[in-house]
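In case you want the letters, here they are:
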Amino acid sequence: MAPRVQLEKAAWRWVETVKPEEIRQEHIELAYRINLPACKRGACRRNCKGNPNCLVGIGEQAWLGEIDESAFHSIDDPNSERREKNTFVGLTNLGATCYVNTFLQVWFHNLELRRSLYQLHTSYTVKAYPLSISDYEPQSICEHLQYLFALLQNSNRKYIDPSGLVKALGLDTGQQQDAQEFSKLFLSLLEDTLSKQKNPNLRNVIQQQFCGQFSYVTVCNQCGRSSALPSRFYELELNIQGHKSLTEISHMLEEKLDGENRYFCETCQSKQNATRRIKLHSLPPTLNLQLMRFVFDRQTGHKKKLNSFISFPEQLDMGPFLEEKQDEKCVYELSAVLIHRGISAYSGHYIAHVKDARTGDWYKFNDEEIEKMEGKKLQLGIEEDIAETVKSQTKKPKCSKGYHCSRNAYMLVYKVQQEESSGPIRTNVEVPAFLQRLVDQDNHKFEEWCSEMTDMRKQSVDKGKAKHEEVKELYKLLPARDGEPYEFIPLDWLKKWLDDSTATKEIDSSRFLCSHDKLHPDKVGDSRKVSMQAAQLLYERYGGGPRLNESSLCRECVSQRCRVLRLKNQLSEDYKEISNLVKRTFSGAGFWVGKASLRSWRQLALEQLEEDEHETAHNNSQTNGQGPHTNNSKGSNNPYNWGLSILETERKLVSPEVWTKFREYFPKAPEFTQDQEACQQCLVSEEKDNEAVSKMMALDQKNQLLNLFHEKNRPALTKWPQGTDVLYVVPLFFVDEWRKFIRRPTKSSPVSNVSNTLLLCPHGGFMFTYDSVALLWPSEWDVISRLFIVDQPISIHCLKRTTPSGSTTQYTTQPDLCWECRESFLFQQQRDLREYTQATIYIRKVIEDKRMIKEAAPELSVSSSEAEEEKEEHPKLDGEKDPDFSQVTTQAPRGIRRSTRHRKLRGEKALIVSANQTLKELKIQIMHAFSVAPFDQNLFIDGKSLTDDSATLGSLGIIPESIICLKADEPIADYAAMDDVYQVRMPEEGFKGEHVLLQT
């Protein structure tokens, strides 16, 4: 059968010529591959993916032939865990406890030690427990060792778990300890425990079995002085370095003291080279010989293992090595050899070869595994005796008869040779009754476990046979014949049904459903078409659902897939066409599309088609309307319930032709026409957010620049402030705009820049007028620099110098002052003030006491907040004296600092005038505005009376935004007649301005 990809392509090849609305039943069956030929057994090596009719290679091979009963279960024969007759019991390795297991086996085979331990008084014997001892648990180390030895002697198990003893000893099961050190400590612990027993035979059993006497004799090489130190031993340590046979034991008991290890001689009164020998005085019945394979390497600072061969005899005569000849027997027989496999002192594996004291047979103890040697001879096999990873293998030397050679033996156990007549009595060791009851209890548990495992094996076999008959019956019924009813069963369920290692669950077809609750076209390859008869039997036995038959073929999904595949084929052509259409200008109404979507619509379309093809949930927010201000209505079931973005920079207007193309790929995208209003909810939300941010920003800036806001504690140049030698300059316009924002943050825009370049001339020099700058303290400048963008820092420095004639103060600026540009600027400024057109001036009518009419009350149209702001901005009539930034003492011209917004008072009117307009023409405008005849008008500016009617306004010093006070004498009712008296031709521009003003 063709690969799965080829099958999928063949199933949908018809979409190239068939439109979605032209789909017929034959096309649906092609999409679901209903009529693909079924595979025959032997034709396919494995199950064909993508072919719903392939029922080969799903696990049926294991059931169609004859099956052995062992295939129906994975339970080992429990009798394999049973102890064989006439053999010993092994010990479980708990991780890295093989060294413990070897010593336990050696001590267990020491019959005297075992017999003595059985006689030890325990908590059970002392407290006189009842016959039922199911609640008994060993407490001390000796009790654990008692119970362990009893199990090793009479247990029915092949091996037992020593975790109770290991836990009582406090050993780390994951870390290998020093085996020789463990042996010494354990024997010392036993000796201490047994010494507290009342029975004198028990108190000294360790000394009687393992303890010998010797002396350390040290001879000075310089003076020959000899000193002896008597001691006892439980294990005789033999230095094997440089030796090949145990017959050299006298040399092995000798040690050279030289170098840093020199001996301090009492006679020489200095450290001298010496020889230390061990002189044996008495030997124990059990002689433990420790071969010092693990030695300290002074070069590396670590232990290392000596992998040299050493030969040792089966019979060892220790008589020649005794210092004093005694009547005690000195011939020993080899009873155990402990082996360390591995080249490192810190890792490896420990095993023990032990001789059975009753039969004389040799056994190899390797944790759980126990092997009996043939011919009652010790056989050190190649796997135990030679380290596999040693790079340079030295040839094993030939051993004489009665000798053995080993490079891994690290401990030899010899027992004194006994008379043959004492053998039967000595080898009989009885287990105490209470320990035997514990063993019987454990044996009973073991037998129950064996019985349970046997029953489980039988149940598995019976179940497997029944399953075998079921599979043979149903598998023949599975294939659906042409023209007969059929159903779809999940392929993975069929495989699990045929896999006996897993429990068969109910049939679950829910994950194969499409959004229309029918079989998804993509899931047909993961299901198999079976006959309705077979499906009925499977559902009756295992249950489940939903059941999918020939009516479950989804026409809607096939139509959607047809549309998607056809769009995929034409995507490249549409991309080129839309790219060209977007570049063209068009007339008429259009549609809004997100710019981000427009840039990547091809990729979005491809993703949309892929998601549509697999019927996954898709969020079309990426298609149109995406942006930070789009609002998704979570409560609505419509996933495209968004409004038009309020940010016009994030969207682009496209032609209806382009939008029609987009709708083919994104049918669920929201549609926004050219005249559609932006989302009102976003507008309100953004306005609220901006107001809140503005209020927080204003409050923060006000708190940091409080004195600047209230104009308190301001520096002035008339008297340089103390405590600083520098002041900073910013435009007064910046300060005014900033204060306006602080007062009304929701109505004014925040200030972001400090445009000091406005104070610089084209040459980069400082050019200013007093009423155009504000002075800042250094601390205020630090805040300004942090809060705002400053394009050019400007500072004023004060330099005080002491000369013979006195002290002088000099001011400098950074950048330097540009006097030429400043004078030119002032001249141009004065000229502009006198040559203006269409400027606004204000006429205030005053009463006899020369106060304005209701001066204190602002116009009704001014809000209270505006009145408060105007109160802050009320013009000061008294000018302040400040010198210009020069080295000579000059005074800035007195003047009125005008507000950026004129406060219009009741009784005041604004007129539009020009600089070349005469005073007479101004009086005619005033007559029309206030109904006061020109000859009744008394005009004043800054306290100066205006009387020359022929003079121009510019020559009279009337500049834009000037305030002229009007005092009227007697009103004339017929002021229209007076207009005839003053018939003069007004200037063109002034006349136009007047009519504009009067008409409005």
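- An unreviewed UniProt entry annotates the protein chain as Ubiquitin carboxyl-terminal hydrolase 48 of Astatotilapia calliptera.
- What the UniProt record of the protein chain gives under Catalytic activity (unreviewed entry) is the line "Thiol-dependent hydrolysis of ester, thioester, amide, peptide and isopeptide bonds formed by the C-terminal Gly of ubiquitin (a 76-residue protein attached to proteins as an intracellular targeting signal)."

### With respect to the overall build of the protein chain
Thought 1: Within the protein chain, the regular secondary structure consists of 30 helices and 38 strands.
Thought 2: A buried classification covers 42% of the 1000 residues belonging to the protein chain.
Thought 3: Once local pairs closer than 6 in sequence are excluded, the contacts in the protein chain between residues at least 24 apart make up 73%.
Thought 4: Accessible surface, the protein chain as shown: approximately 54,900 Å² in total, 48% of it carbon and sulfur.

### Considerations on helix α28 (residues 919-930)
Thought 1: Compared with the 16 Å implied by 1.5 Å per residue over twelve residues, the 16 Å span of α28 between its first and last C-alpha is a close match.
Thought 2: By the criterion of burial, α28 is predominantly enclosed, with ten of the twelve residues buried.
Thought 3: Every buried residue of α28 is accounted for by L919, E921, L922, K923, I924, Q925, I926, M927, A929 and F930.

### With respect to the sheet that holds strand β21 (residues 486-490)
Thought 1: An order of β23-β21-β25 is seen for the three strands of this open sheet, with the pairing classed as antiparallel. Each edge of the sheet is formed by a strand with only one pairing partner; in this case those strands are β23 (527-531) and β25 (548-549).
Thought 2: As judged from the two bridges shared by β21 and β25, these two strands associate in the antiparallel manner. When the sheet's bridge partners are listed, E487 is paired in β25 with N549.

### Remarks on the packing of aromatic side chains
Thought 1: Applying the stated criterion across every chain yields a total of 24 aromatic pairs.
Thought 2: Pairing F214 with Y216 gives two aromatic rings, centres 5.0 Å apart and planes at 80 degrees, and the pair type is edge-to-face.
Thought 3: For F214, a relative accessible area of 5% translates into the label buried.
Thought 4: One aromatic cluster in this structure is built from Y99, F103, W107, F182, F186, F294, Y350 and Y410.
Thought 5: For the cation-ring pair, R114 lies above F108, with the distance from its terminal atom to the ring centre recorded as 3.8 Å.

### Observations regarding unusual backbone geometry
Thought 1: Look at the link from G545 to P546: it is a cis peptide, with omega at -5 degrees.
Thought 2: Within the element layout of this structure, P546 appears in the loop between β24 (544-545) and β25.
Thought 3: Unlike most non-glycine residues, D367 shows phi in positive territory, near 55 degrees.
Thought 4: Its place among the elements puts D367 in the loop between β17 (362-366) and β18 (369-372).
Thought 5: When its relative accessible area of 8% is taken as the criterion, D367 is described as buried.

### A few points about the pattern of salt bridges
Thought 1: For the structure shown, the criterion picks out 17 salt bridges.
Thought 2: One salt bridge connects D361 with K372, and the closest N-O pair in it is separated by 3.4 Å. With a gap of eleven residues between them, D361 in the loop between β16 (349-355) and β17 and K372 in strand β18 connect regions that are remote in the sequence.
Thought 3: Looking at D361, the relative accessible area reads 9%, which means it is buried.
Thought 4: With a relative accessible area of 47%, K372 lands in the partly exposed category.

### A few points about the sheet that holds strand β3 (residues 212-220)
By way of backbone hydrogen bonds, the strands of a sheet pair with one another, either parallel or antiparallel.
Thought 1: Spatial strand order, β4-β3-β9-β6: four strands in an open sheet with antiparallel pairing. With one partner strand each, in any of the chains shown, β4 (226-233) and β6 (254-257) form the two edges of the open sheet. Within this sheet the neighbouring strands show an average axis-to-axis angle of 25 degrees, counted without direction.

### Regarding the state of the cysteines
Thought 1: This model, assessed by the stated rule, comprises zero disulfides.
Thought 2: Not part of a disulfide, C554 finds its nearest cysteine sulfur in C557, a span of 3.5 Å.

### Remarks on helix α18 (residues 555-583)
Thought 1: For α18, which comprises 29 residues, the first-to-last C-alpha distance of 40 Å matches the rise-based estimate of 42 Å (1.5 Å per residue) to within 8%.
Thought 2: The principal kink in α18, of about 50 degrees, is found at L571.
Thought 3: Every buried residue of α18 is listed here: C557, V558, S559, R561, C562, V564, L565, L567, L571, D574, I578 and L581.

### Observations regarding the pairing of strand β10 (residues 286-291)
Thought 1: Counted residue by residue, β10 has six buried out of six residues, so it is predominantly covered.
Thought 2: Across the two faces of β10 the burial is the same, with T286, N288 and Q290 and L287, L289 and L291 all buried.
Thought 3: Direction of pairing for strand β5 (residues 235-238) relative to β10: parallel, over a ladder of four bridges. Considered in β10, the bridge of L236 is made with L289.
Thought 4: Relative to strand β20 (residues 409-416), β10 runs antiparallel, the two being bridged by five bridges. Residue pairing for β20: N288 is matched across the bridge by V413.

### Comments concerning the packing of helix α7 (residues 141-154) against helix α9 (residues 179-194)
Thought 1: Running from N to C, α7 and α9 cross one another at 105 degrees; their axes reach a closest spacing of 10 Å. When the axes of α7 and α9 are compared, the pair comes out roughly perpendicular. Across the interface between the two elements, I141, C142 and L145 of α7 pack against F186, L189, L190 and T193 of α9.

### Describing a positive patch on the surface
Thought 1: A cluster of like positive charges, contributed by R45, R46, K49 and K495, occupies part of the molecular surface.
Thought 2: Among the structural elements, K495 can be located in helix α16 (residues 491-498).
Thought 3: Residue classification places K495 among the partly exposed positions, given a relative accessible area of 37%.

### Description of the side chain of N53
Thought 1: Mapped onto the secondary structure, N53 falls in the loop between α2 (25-31) and α3 (61-64).
Thought 2: By relative accessible area, N53 is classed as buried at 9%.
Thought 3: Excluding anything up to four places from it in sequence, N53 contacts R33, I34, N35, L36, P37, A38, C39 and K529.

### Quick notes on the confidence of the model for the protein chain
Thought 1: Per-residue confidence for the protein chain gives a mean pLDDT of 77, with 79% of residues at or over 70.
Thought 2: At the low end of the mean pLDDT range in the protein chain sits helix α30 (residues 988-999), at 31; at the high end sits strand β1 (residues 90-91), at 93.
Thought 3: Confidence drops under a pLDDT of 50 for residues 384-392, and excluding neighbours within four residues, the segment shows 25 contacts in the predicted structure.
Thought 4: Counting interchain partners and residues more than four positions distant, the pLDDT-below-50 stretch residues 616-641 has 51 contacts.

Reading guide: rules and limits
Residues numbered from 1 in each chain as written. Predicted model: local features only at pLDDT ≥ 70, side-chain atom pairs only at ≥ 80, totals over all residues. Heavy atoms only, no water. UniProt positions renumbered as here; feature names shortened; annotations may be inferred. Helix = DSSP H or I, 4+ residues; strand = E, 2+ residues; numbered from the N terminus. Buried < 20%, exposed > 50% of the residue type's maximum accessible area, 1.4 Å probe, protein only. Contact = heavy atoms within 4.5 Å. Areas by Shrake-Rupley, 256 points an atom, 1.4 Å probe, with all protein chains shown as cover. Expected span 1.5 Å × (residues − 1). Pairing = 2+ DSSP bridges. Phe/Tyr/Trp six-rings, centres within 6.5 Å; stacked < 30°, edge-to-face > 60°. Lys NZ or Arg CZ within 6 Å of the ring centre and 35° of its normal. Salt bridge = Lys/Arg side-chain N within 4 Å of Asp/Glu carboxyl O. Axes fitted to C-alpha atoms, helices over the stretch in contact; angles between N-to-C directions. Disulfide = S-S within 2.5 Å. Bend = angle between axes of the 7 residues up to and from the residue. Parallel < 35°, antiparallel > 145°, perpendicular 65-115°, else oblique. Patch = residues over 30% accessible without salt bridge, like charges linked within 9 Å, V, L, I, M, F, W, Y side chains within 5 Å. Lys, Arg positive; Asp, Glu negative; His and termini not counted. Charge placed at Lys NZ, Arg CZ, Asp CG, Glu CD. pLDDT = per-residue confidence, 0-100.

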